Amino acid sequence: MFTFAQRHIGPNDRDISQMLATVGAQSLDDLTQQTIPSNIAYTKALDLPQGLSESEVLAVAQKLADRNQIFRSYIGQGYYGTFTPPVILRNILENPGWYTAYTPYQPEISQGRLEALINFQTMVTDLTGLEISNASLLDEGTAAAEAMAMAFSLGRQKKNKFFVQKNTFPQTLEVLKTRATPIGIELVIGDWDQCPWTEVFGVYCQYPAADGTLEDLGPWASKAKQEKAFVIVGSDLLALTLYKSPGEMGADIVVGSTQRFGVPMGFGGPHAAFIATRGEYARSMPGRIVGVSKDSRGNQCYRLTLQTREQHIRREKATSNICTAQVLLAVIAGMYATYYGPHGLKSIAQRVRQMAFSLREHVSKLGYTVQAKDIFDTVSFSVTDAQMADIKKFSQEKHLNFFYPNSKTVQISLDETVTDDDLATILSVLNRGMKLTPNLGKSPSTKLDRTSAYLEHPVFNRYHSETEMLRYIFRLQKKDLTLADAMIPLGSCTMKLNATTEMIPVTWKGFANLHPFAPIEQVQGTLEMIRELDHQIQQITGFKAVSLQPNAGSQGEYAGLLVIREYHKSRGDHQRNICLIPSSAHGTNPASAAMVGMSVVVVRCDDNGNVDIEDLKAKASQHAQNLACLMITYPSTHGVFEEDFKKICEIVHAHGGQVYMDGANMNALVGVCRPGDVGADVSHLNLHKTFCIPHGGGGPGVGPIGVGAHLAPFLPQHSLQPEAGPKTGVTAVSAAPWGSALILPISWSYIKMMGAEGLKKATQVAILNANYIAKKLEGHFPVLYTGKNGRVAHECIIDVRQFKSAGVSVDDIAKRLMDFGFHAPTMSFPVAGTLMIEPTESESRMEMDRFCEAMIQIRREISAVESGKLDKDNNPLRNAPHTAEDMISDWDRPYTRAQAFFPLPWVKEKKFWVSANRVDNVYGDKNIMCSCPPISDYETPETTRELQL
């Protein structure tokens, strides 16, 4: 019988033997010894149980889900019950054609996802009343922090005070506090009349407020404008279907969460946050923006725009380290709006408001003191001690959760899932268990009622039947190349199998319907899974403690550096603020260092891509009194195991610093090296890489950190769930106590099914596969970096710079691979003009051979260009990718259609039809349009009739 490990690992034992012969190794252990320096090798077996079967792990997961008590949660605070339309649940959230896609850096094979994200951005801009939105952020708390930092940067840091209206979600307040302190921002929290207007660079408020209050923000926005302060509003998109948009009231930046647009609460995430702003601030907005462009035929298409803003360009000058979005969740939220359309969303919101007004009326009649007149979905009221005791008693009996901001106040937040019977149950709790039938009167109008239109674009008015929605989803899916189509050989990105078994528990009610602030006794099943995952990660890494709160690799970097900063402060070393970073590092490293108030000092790398030891010694010595840490990626960004890793750690420790190891490449370490044993003090792990959480087209991600025992007391805590971290820890880095808890079952299941032996073999096969591809290609493309024994780690870099003289660029090779049905490897990182290839352990020998055949055929085409057999400016490489439109158009090119579309015999059987010709990047950046094209572009007689209907 096959074990799960045998299903996860692509090559079978016979293939492994033949591949070992190809690379010149006797066994997997022999190859491992040749690749990994002996002084860091972990030679013991991991202390993990034997791997479970798929049926066994599902049974264990079900028992844990059953241990959770699913109360009806009316806690609110940014998290609400919602209904995921089954057509979206089955065909997007549970569909590998959507969840296994990579970030759409190659737009020609990402048009479906990019269109879905344009819909998301349009939804956000329409409802917020602002001109531009990005394609999602991590959660509402971190989005608010990003907006604060953005305003600080736009204000040239001339003022350092930031006012936060106190009626803001508590988790948002906490994340703002965490982010403000290291970069020198002073938070002022209070009522509007306590704002020191002349001293602030920005103000932040919640609309509707945390207690449900709706307030006209116009006067406060006008006051802020007079003092040249930015106005930032945390808002609720569902509420904005009924109430005046923040943009109309003068907001400069609006943030929030799209969770209630069809995305389960999931004990805190993942959810797609949003950030929208005015057009003049577009180039300062963090994250990724999808824009409208055109391809080489002049056809409209989509791409990521303003990419020069990315942190790998700005590095330590970046104001954000965000490189992970929440694409899969943004797609779901955008599709939810597409499915219901403006009238459907408004109807949902009206129903919620009607029930909230009814609840408020009955609460008042029962003798409670209601605290707000104008509300949307939340009723807040004052109680006596006796009333509080009764409410808690009867709500417990009825399995209801309310929110208690203090000992004298009860808050109840309603959502789209609330029925008449649910409302009657709530009223019976407030009436000391006695039945009370609700009266659903018409909710009164207010001066804040919305009059402006929204979601008028055809896409939000066409797909309201399930048949049409289904076809739209699959029409977009066909435009995207994912792991469901072929290997995605991206170096440093680990596009490996996300097994179906691992994905199944994600949509179970026992995990999906938990509020992140539910009483701790109700979530014991999830907490047991989290404790097990903590233990698994500790065993794999050698660290003594773990925090799962960071909800992306960027957040893990930030959290790890905060922990180091707090550690130094606890020892009185407040001056330690120097962060050493090798020149080869990913751009998020220096960006993260800047965000925690550290100064970056770059350490040179030698010609082989390794850290220059002498330069490290000199700079560690020079900055010994102020050295905070070194950030280093291992295996290196260049795809090799540096021999001197332990020596590097010793040098840093000798000068009082800590070693932060970027765990992006942990895929090459599991079972064969434990960072905590060999000198690293803290490391983040990308669960969305090494531990099988799907990329989802650019998110979700999870970036937990592991730390040594001396750093454990400083791991992130959370004020709303004290169990989430130590009391002495840094304040929250993410809005939810355990980050994106809903997708943790994926990594937990993977580790449980692989077991110690399977995990080690996965690492060894990942190394074998990379070396196999390097060997197969070395006669055609130079392999740029290797270790001492000529081995690469889990990825290899091939050099294509020498073809520039023939007019062939790295872009040409990347686009030509699409004609073979492959996504390009990582382009020009970490070295410009190169391709970084990572096959992962999940790819079969057959698939890797196909990829190598495609690359070798491309090399033949390059040779034909070099020799003059193919025209230098008009050849399959320069014209790639080729679309179906090219196939049926008049053919006037000096090569055949067969050569263009079917360059190898097997391409006919596995043909992936690219939906766009080469996208014009320059046009997209010069003509920024980041929402659906205007209605005028669609106004044929047919679409006009549809819109009228």
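None of the values given here were measured: they were computed from a predicted structure.

About the cut-offs
- Residues numbered from 1 in each chain as written.
- Predicted model: local features only at pLDDT ≥ 70, side-chain atom pairs only at ≥ 80, totals over all residues.
- Heavy atoms only, no water.
- Helix = DSSP H or I, 4+ residues; strand = E, 2+ residues; numbered from the N terminus.
- Rg over C-alpha atoms; globule rule 2.2 N^0.38 Å.
- Buried < 20%, exposed > 50% of the residue type's maximum accessible area, 1.4 Å probe, protein only.
- Contact = heavy atoms within 4.5 Å.
- Areas by Shrake-Rupley, 256 points an atom, 1.4 Å probe, with all protein chains shown as cover.
- Lys, Arg positive; Asp, Glu negative; His and termini not counted.
- Charge placed at Lys NZ, Arg CZ, Asp CG, Glu CD.
- Core = buried A, V, L, I, M, F, W, Y, C linked by side-chain atoms within 4.5 Å.
- Pairing = 2+ DSSP bridges.
- Axes fitted to C-alpha atoms, helices over the stretch in contact; angles between N-to-C directions.
- Salt bridge = Lys/Arg side-chain N within 4 Å of Asp/Glu carboxyl O.
- Polar contact = N/O pair within 3.5 Å; in protein donor to acceptor, adjacent residues only side chain to side chain.
- Parallel < 35°, antiparallel > 145°, perpendicular 65-115°, else oblique.
- Left-handed = near helix turned anticlockwise from the far one by under 90°.
- Nonpolar A, V, L, I, M, F, W, Y, C, P; charged D, E, K, R; others polar.
- pLDDT = per-residue confidence, 0-100.
- Arc of directions from axis to C-beta.
- Phe/Tyr/Trp six-rings, centres within 6.5 Å; stacked < 30°, edge-to-face > 60°.
- Lys NZ or Arg CZ within 6 Å of the ring centre and 35° of its normal.
- Expected span 1.5 Å × (residues − 1).

How do you make sense of the overall build of the protein when you look at a structure like this?
Across its full length, the protein holds 29 helices and 25 strands. Rg of the C-alpha trace for the protein: 28 Å, near the compact-globule value of 30 Å for 949 residues, within the 12% margin. Considered along the principal axes of its C-alpha atoms, the protein spans approximately 85 × 70 × 60 Å. The buried share among the 949 residues of the protein stands at 65%. Considering only contacts within the protein whose residues lie at least 6 apart along the sequence, 76% involve residues at least 24 apart. Of the accessible surface of the protein, which amounts to about 32,800 Å², a share of 48% is contributed by carbon and sulfur atoms. Of note, the protein has its 92 positive side-chain charges centred 1 Å away from the centre of its 98 negative side-chain charges.

For this particular structure, what's the right way to read the nonpolar core?
The tendency in soluble globular proteins is for nonpolar side chains to be buried as a group. Met123 and Met335 are the most contacted members of the largest nonpolar core, which totals 236 residues. Dropping the residues within four chain positions of it, methionine 123 is found in contact with Leu237, Thr258, Phe261, Ala333, Gly334, Ala337, Leu455 and Phe460.

Please explain the sheet that holds strand E22 (residues 705–707) as it appears in this structure.
The strand order E16-E22-E21-E20-E19-E17-E18 describes an open sheet built from 7 strands, whose pairing is mixed. A strand with exactly one partner marks an edge of an open sheet, and here the two such strands are strand E16 (545–547) and strand E18 (599–603). When strand polarity is set aside, the average angle formed by the axes of neighbouring strands in this sheet is 25°. Pairing of strand E17 (residues 578–582) with strand E19 (residues 627–633) involves 3 bridges; the strand directions are parallel. Bridged to leucine 580 within E19 is leucine 630. The strands that helix H18 (residues 524–541) touches are E16 and strand E21 (682–685); relative to E16, the one it contacts most, it runs at about 125°. Along the sheet, helix H19 (residues 553–570) makes contact with E19, strand E20 (658–663), E21 and E22, crossing E20 at roughly 170°.

When you look at the pairing of strand E9 (residues 289–294) in this model, what are you seeing that I'm missing?
Each regular strand shows side chains that alternate between the opposite faces of the sheet. E9 sits mainly inside the fold: 5 of its 6 residues count as buried. Across 6 bridges, E9 lies against strand E10 (residues 300–305) in antiparallel orientation. Looking at the pairing, valine 292 lines up with tyrosine 302 of E10. Taken together, E9 and the strand that follows it, E10, pair antiparallel across an intervening segment of 5 residues, in which glycine 298 is found at a positive phi of about 85°.

Even after reading the chapter, I still don't get the side chain of glutamate 642, so can you show me in this structure?
Checked against the element boundaries, glutamate 642 lands in the loop between E19 and helix H22 (645–654). Summary of buried charges: glutamate 642 has no salt-bridge partner, and the nearest side chain of opposite charge, lysine 647, is 11 Å away. A polar atom in the side chain of glutamate 642 sits 3.0 Å from the backbone nitrogen of valine 611. Apart from residues lying up to four places away in sequence, glutamate 642 is in contact with Pro37, Gly609, Asn610, Val611, Tyr634, Ser636 and Ile648.

Looking at this model, I keep getting lost on the packing of helix H21 (residues 613–622) against H22. Mind explaining?
The axes of two packed helices give the description: the angle between them and the distance between them. The geometry of H21 relative to H22 is characterised by a closest axis approach of 9 Å and an angle of 15° between their N-to-C directions. Judged on the interaxial angle alone, H22 and H21 are roughly parallel. Seen from above, H21 lies across H22 with right-handed handedness. Together, Ile613, Leu616, Lys617 and Ala620 of H21 and Lys647, Ile648 and Ile651 of H22 make up the contact between the two elements. Taken together, the residues of the contact of H21 with H22 break down into 5 nonpolar, no polar and 2 charged.

Mind showing me how you'd approach the side chain of threonine 637 here?
Here threonine 637 is to be found in the loop between E19 and H22. Of the residues examined, threonine 637 reaches a relative accessible area of 7% and is grouped as buried. Setting aside chain neighbours within four positions, we find threonine 637 in contact with Ser584, Ala585, Glu795, Ile797, Phe829, Pro830 and Met836.

Which parts of the structure should I look at to understand the confidence of the model for the protein?
Predicted coordinates in areas of low pLDDT are best not read in detail. Of the residues in the protein, 97% reach a pLDDT of 70 or more, and the chain-wide mean stands at 94. Segment residues 308–313: pLDDT under 50, and 22 contacts once partners within four positions in sequence are set aside and those in other chains are kept. Predicted confidence is poor over residues 940–949, with pLDDT under 50, and the contacts of this stretch with residues over four places away or in other chains come to 8 contacts.

In this structure, what is going on with the pattern of salt bridges? I would like to understand it.
Pairs can form between side chains of opposite charge once their charged atoms are near each other. One pass over the structure, following the stated rule, counts 44 salt bridges. Of the charged contacts, one joins aspartate 819 and arginine 816 as a salt bridge, the two residues approaching to 2.8 Å between their closest N and O atoms. Separated by 3 residues within a single helix, aspartate 819 and arginine 816 lie in helix H24 (residues 810–819), roughly one turn from each other. Owing to a relative accessible area of 0%, aspartate 819 belongs among the buried residues under this scheme. A relative accessible area of 0% places arginine 816 in the buried class. Among the ionic contacts, a cluster of salt bridges with common partners joins Asp15, Lys776, Arg845 and Asp849.

Can you help me understand helix H5 (residues 86–93) in this one?
Among the residues of H5, Val87, Ile88, Asn91, Ile92 and Leu93 are the ones counted as buried. Projected down its long axis, H5 shows its buried positions confined to an angular sector of 160°, all on one face. Each element contacted by the buried residues of H5 is listed here: helix H6 (96–99), helix H12 (327–365) and helix H15 (466–477).

Any chance you could explain the packing of aromatic side chains here in plain terms?
The description of an aromatic ring pair uses the distance of the two centres, along with the angle that the planes make with each other. Following the criterion strictly, the structure yields 29 aromatic pairs and no others. Residues tryptophan 508 and phenylalanine 511 carry aromatic rings whose centres are separated by 6.3 Å and whose planes lie at 15° to one another, so their mutual orientation is stacked. Taking relative accessible area as the criterion, tryptophan 508 reaches 18% and is therefore assigned buried. An aromatic cluster is present here, built from Trp891, Tyr895, Phe901, Phe902 and Trp913 joined pairwise through their rings. Above the face of the tyrosine 404 ring, lysine 392 is positioned so that its terminal group lies 4.9 Å from the ring centre. Directly above the ring of phenylalanine 902 sits lysine 911, whose terminal nitrogen or CZ lies 5.8 Å from the centroid.

What is the right way to look at helix H13 (residues 385–397) in this model?
Since one α-helical turn is 3.6 residues long, residues separated by three or four positions face the same way. Spanning 13 residues, H13 covers 19 Å between terminal C-alpha atoms, matching the ideal 18 Å at 1.5 Å per step. Here the buried face of H13 lies against strand E12 (378–382), strand E13 (400–401), strand E14 (403–406), strand E15 (409–413) and helix H14 (420–430). Phi for histidine 399, located one or two positions after H13, is positive at around 60°.

What is the right way to read the sheet that holds E12 from this model?
Strands pair in a sheet through their backbones, by hydrogen bonds, and they do so in one of two ways: parallel or antiparallel. Taking strand neighbours across the sheet as the criterion, the 4 strands line up as E11-E12-E15-E14 in an open arrangement whose pairing is antiparallel. Bordering the open sheet on either side are strand E11 (369–370) and E14, each of which pairs with just one other strand. As judged from the 2 bridges shared by E11 and E12, these two strands associate in the antiparallel manner. Directly across from valine 370, in E12, lies its bridge partner phenylalanine 381. Where H12 meets the sheet, it contacts E11, E12 and E15, and its direction lies at approximately 15° from that of E12.

Just checking my understanding: could you explain the packing of H5 against H15 for this structure?
Axis separation between H5 and H15 bottoms out at 10 Å; the angle between their running directions is 15°. With respect to their mutual orientation, H5 and H15 come out roughly parallel. In terms of crossing hand, the pair formed by H5 and H15 is right-handed. Packed against H5, whose contacting residues are Val87, Ile88, Asn91 and Ile92, the element H15 presents Glu466, Met469, Leu470, Ile473, Phe474 and Gln477 at the interface. Considered class by class, the residues forming the contact of H5 with H15 number 7 nonpolar, 2 polar and 1 charged.

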